[in-house]
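# An overview of the molecular structure
This is what each chain is made of:
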Amino acid sequence: MLARRLIVCLDMKGGRVVKGVQFEGLRDVGDPVALAMRYEAEGADEVTFLDISASAEERETLWDVVHRTSERLFIPLTVGGGVRTADDVGRALRAGADKVSINSAAVTNPELLTACAERFGAQCVVASIDARREDGRWRVYTRGGRTPTGLDAVDWARECVRRGAGEVLLTSIDRDGARSGYDLELTRAVAEAVAVPVIASGGAGNAQHVREALTDGKADAALVAGILHDGLTTVGAIKTLLLGSGLRIRSHA
């Protein structure tokens, strides 16, 4: 089994890192380049940039920020938000991204996933899924959690992988920023449904929650954000607990 990963997520709006609850009430937490470098130094395995307002505002991702960050990072960088075409994916990769997360555009045009996988390789294509629990199922939302769709999250994850996605970034809107723990049922359902790595996102309140996502939730990686930004814990402290739990994970240097 591959080593489990701890990924730091930097949600961006207007070129700054922000954080909220259930995608609302956003507050400024810092400069994306400085924060990415800090978390790499602390031992993060990867960094993910999500330009959370790009799709809703129908504009492109902030490529300059991606370029300035990628020049300074040695760990993998995933970029998402406002990616609508295969050319956008190519632009992100040329700006220095290692992987590109596609959400709203994939729902509108599922063939985009296939086109990107064929052109750039499945390892570059991350299907980002934002889901909210409704009537006993998980409904997929797009445009930064604003627009409901008729898609079931588990079924849609299967479809994304079938069409070429090499990884699934799964965010529980219900848990986002709540710090009550990941939606383990949702994470496990998707992880059991697909044969590619699943990244759990939304709800980390402490290191124990991360451990639960990687064990009970069967995720291959966990995304963390607010608890690091607010100084409630550190990358090193989370990794220490994970290693102590017997998980195979890269140790903090």
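Residues numbered from 1 in each chain as written. Predicted model: local features only at pLDDT ≥ 70, side-chain atom pairs only at ≥ 80, totals over all residues. Heavy atoms only, no water.

Taking an unreviewed UniProt entry as the reference, the chain is identified by name as Imidazole glycerol phosphate synthase subunit HisF belonging to Stigmatella aurantiaca. UniProt annotates the chain under Subunit (unreviewed entry) with the comment "Heterodimer of HisH and HisF." According to UniProt, the comment filed for the chain under the heading Subcellular location (unreviewed entry) is "Cytoplasm". (UniProt positions renumbered as here; feature names shortened; annotations may be inferred.)

### A short note on the overall build of the chain
Looking only at helices and strands, one finds ten helices and twelve strands in the chain. The C-alpha atoms of the chain give a radius of gyration of 16 Å, which matches the 18 Å a tight globule of 253 residues would have. By principal-axis analysis of the C-alpha atoms, the chain measures approximately 45 × 40 × 35 Å. Evaluated residue by residue, the chain yields a buried proportion of 58% over its 253 residues. Of the contacts formed within the chain by residues at least 6 apart in sequence, a portion of 65% connects residues at least 24 apart. For the chain, the accessible surface area stands at approximately 10,200 Å², while carbon and sulfur atoms represent 48% of it. Charge centroids of the chain, computed over 32 positive and 35 negative side chains, lie 1 Å from each other. (Helix = DSSP H or I, 4+ residues; strand = E, 2+ residues; numbered from the N terminus. Rg over C-alpha atoms; globule rule 2.2 N^0.38 Å. Buried < 20%, exposed > 50% of the residue type's maximum accessible area, 1.4 Å probe, protein only. Contact = heavy atoms within 4.5 Å. Areas by Shrake-Rupley, 256 points an atom, 1.4 Å probe, with all protein chains shown as cover. Lys, Arg positive; Asp, Glu negative; His and termini not counted. Charge placed at Lys NZ, Arg CZ, Asp CG, Glu CD.)

### Observations concerning the packing of helix H1 (residues 32–42) against helix H2 (residues 63–70)
Two numbers describe how H1 lies on H2: the axes approach to 9 Å, and their chain directions differ by 30°. Classified by chirality, the crossing of H2 by H1 is right-handed. Counted together, Pro32, Val33 and Ala36 of H1 and Val65, Arg68 and Thr69 of H2 form the full contact between these two elements. Looking at the contact of H1 with H2 residue by residue, the classes come out as four nonpolar, one polar and one charged. (Axes fitted to C-alpha atoms, helices over the stretch in contact; angles between N-to-C directions. Left-handed = near helix turned anticlockwise from the far one by under 90°. Nonpolar A, V, L, I, M, F, W, Y, C, P; charged D, E, K, R; others polar.)

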